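Listed below, chain by chain, are the residues.
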Amino acid sequence: MPERQTPRPPCPARRDTLRRLAALGASTAVPSLVLPGCALPGPATATPRPVRVASGLELPWGLGFLPDGRLLVTERPGRLRVVSPRGELEPWSVAGVPAVDHRDHGGLLDVLVDREFAANRYVYLSYTEAGSGADAGRNGVAVARGRLDGDARTLDDVEEIFRQAPKVQSGENLGGRLAQSADGMLFLTLGDRREEAERVKAQDLSTHHGKVVRIRRDGSVPPDNPFVQTPGARPEIWSYGHRNPQGIFLHPTSGEVWTCEHGPFGGDEVNITRAGRNYGWPVITYGCEYDTCAPIGEGTAKEGMEQPLTWWAPVSIAPSNCFIYDGDRYPGWRGDLLVGALAGMALWRIVLRGPATAPTVVQREPLFASLGQRLRDARQGPDGRIYLLTDGAPATIYRLEA
């Protein structure tokens, strides 16, 4: 039977909630402990049910939708797979995929189908690229572009259009999620690479660590990027001070960039990610160090650094991809933020009210925990349905049916 919401008292405004929590001290200023118990205005809404689409995937990471109903799925060992409109996982892998450095969290990461695919056939892949020479043993996140042939068997004219600098030895906190704006610009999330000596570079504009970058389809730099005229800065940088953002999308109404990122121990965040802004890591955070939970940085707030729209603490959910639902299949969810969770093993529904540029969070609830699966990707398909990609091996694609 579908789950239904239980009536509860209405939520206080987010601003008032945070003010009261902050008065109790930073360690308890955690909306995750309050907001899930708030009620939604209006009638209860039935929760859709997950239906298996395809299974048998090995360590998948990203989903892409082709206009003819086929799905593209990346597998971290370096394979790009195809799922037919009937839900059949094709036995072959797409040829022409760049070589990847598959270790730790790395390998073939995201796949993005160009919004003008019908005209240009472009598909973009993010992946960890092994270093050579002086960079032997190191890697960095790269993006390649290729043209998918009509049978979806080969990527032609493959070229690397972005390369993270510098390469490092760590294989963690990679970021790697891709998104495309309405004007065709590409956005890529990049993690801090976790090591203490590396994570401080999230504040260093001369590196790509802990950044969101913005490039054209061919990898060139848009002249209106915020740091193009800043001496010593990487001109691709859009925003900085991120830890490990594994979710990104363009808001369907405002067109603004939103990201979802992993904190350390606690402190996972959702941010409206604006040009040139500093999102604080590792100077401010709502999380703490692994194992010891020792404090990190200077606290939870600092002038000149952005606050998240919402966050999870003291328990992390490990957010994967995220998006605003704007389809018609689940009318009660229209305008809600959906966030996949790895450690949290759920799809978080976050109900927003107010303008898209300054929304208020009025409710948060984890859904589909009964699957018992880490959710590596969550997306809205062209058919208006929501698709969930589980992690691990073997892994499964689910579609939500109302």
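Please refer to the structure higher up on the page.
In short, a report on the structure.

Cut-offs used in this document
- Residues numbered from 1 in each chain as written.
- Predicted model: local features only at pLDDT ≥ 70, side-chain atom pairs only at ≥ 80, totals over all residues.
- Heavy atoms only, no water.
- Helix = DSSP H or I, 4+ residues; strand = E, 2+ residues; numbered from the N terminus.
- Buried < 20%, exposed > 50% of the residue type's maximum accessible area, 1.4 Å probe, protein only.
- Contact = heavy atoms within 4.5 Å.
- Areas by Shrake-Rupley, 256 points an atom, 1.4 Å probe, with all protein chains shown as cover.
- Phe/Tyr/Trp six-rings, centres within 6.5 Å; stacked < 30°, edge-to-face > 60°.
- Pairing = 2+ DSSP bridges.
- Axes fitted to C-alpha atoms, helices over the stretch in contact; angles between N-to-C directions.
- Polar contact = N/O pair within 3.5 Å; in protein donor to acceptor, adjacent residues only side chain to side chain.
- 1 Å grid on protein atoms, 1.4 Å probe; cavity = no way out; pocket = protein on both sides within 12 Å on 5 of 7 lines; lining within 4 Å.
- Points joined across faces, edges and corners; volume = space filled by probe spheres on them.
- Nonpolar A, V, L, I, M, F, W, Y, C, P; charged D, E, K, R; others polar.

Structural notes on the overall build of the protein
Across its full length, the protein holds three helices and 24 strands. Expressed as a percentage of the 402 residues in the protein, the buried residues total 57%. Put simply, 58% of the contacts in the protein that link residues at least 6 apart link residues at least 24 apart. As displayed, the protein has an accessible area near 16100 Å², and 49% of this comes from carbon and sulfur atoms.

What about the packing of aromatic side chains?
Across all of its chains, the model carries nine aromatic pairs by this definition. Ring geometry for Tyr122 versus Tyr124: centroids 6.2 Å apart, planes at 55 degrees, classification tilted. A single burial state applies to Tyr122 and to Tyr124, both of which are buried. Considering the side-chain rings of Tyr286 and Trp311, the 3.8 Å spacing of their centres and the 20 degrees angle between planes classify their relative orientation as stacked.

Looking at the pairing of strand S21 (residues 360–367)
In terms of residue burial, S21 counts as a mostly covered element, since six of its eight residues are buried. In this sheet, S21 lies alongside strand S20 (residues 346–353) in antiparallel orientation, the contact comprising seven bridges. Paired with Arg353 across the two strands is Thr360, which belongs to S21. Hairpin connection, S20 to S21: the antiparallel pair is bridged by six residues, and Gly354 has positive phi, about 95 degrees.

What to know about the sheet that holds strand S5 (residues 89–93)
Strands sit in the order S2-S3-S4-S5 across an open sheet of four strands; the sheet is antiparallel. Strand pairing shows two members of the sheet lacking a second neighbour, strand S2 (60–65) and S5, which therefore form its edges. This sheet shows a mean twist of 25 degrees between the axes of neighbouring strands, independent of strand direction. Strand direction decides the pairing type here: strand S4 (residues 79–83) and S5, joined by two bridges, are antiparallel. Looking across to S5, one finds that Arg81 is bridged to Ser93.

Notes on the environment of Ser126
Locating Ser126 in the fold gives a position in strand S7 (residues 122–130). Separated by 34 residues in the primary sequence, Ser126 and Glu160 place their C-alpha atoms 9.7 Å from one another. Once residues within four sequence positions are removed from consideration, Ser126 is found in contact with Gly107, Leu108, Leu109, Asp110, Ala142, Val143, Gly176, Leu178 and Leu188. A polar contact of 2.9 Å, which involves the side chain of Ser126, links it to the backbone nitrogen of Asp110. Of the polar contacts made by the side chain of Ser126, one reaches the backbone oxygen of Gly176; its length is 2.6 Å.

Some details on the layout of surface pockets
The computed volume of the largest pocket comes to approximately 1000 Å³. Along the walls of the largest pocket sit 39 residues, with Leu112, Arg115, Gln180, Leu250 and Gln380 positioned nearest its centre. Residue assignment for the lining of the largest pocket shows that the elements contributing at least two residues are S2, strand S6 (108–113), strand S10 (175–180), strand S14 (244–250), strand S18 (319–324) and strand S22 (375–380). Of the residues belonging to the lining of the largest pocket, the class tally is 23 nonpolar, nine polar and seven charged. If you add up the space inside the second largest pocket, you get close to 400 Å³. Forming the boundary of the second largest pocket are 25 residues, of which His105, Asn244, Gln246, His262 and Ala318 lie nearest the centre. Of the residues assigned to the lining of the second largest pocket, the class counts are eight nonpolar, nine polar and eight charged.

Details of empty space enclosed by the protein
Applying the stated criterion to the full structure yields one cavity of 30 Å³ or more. Within this model, the largest cavity holds a volume of roughly 50 Å³. If you trace the largest cavity, you find it lined by Gly241, Arg243, Glu261, His262, Gly263, Gly267, Glu269, Tyr279, Trp281, Ile284 and Thr285. Its residues assigned to classes, the lining of the largest cavity shows three nonpolar, five polar and three charged.

The values reported here are purely geometric and, on their own, carry no functional implication.
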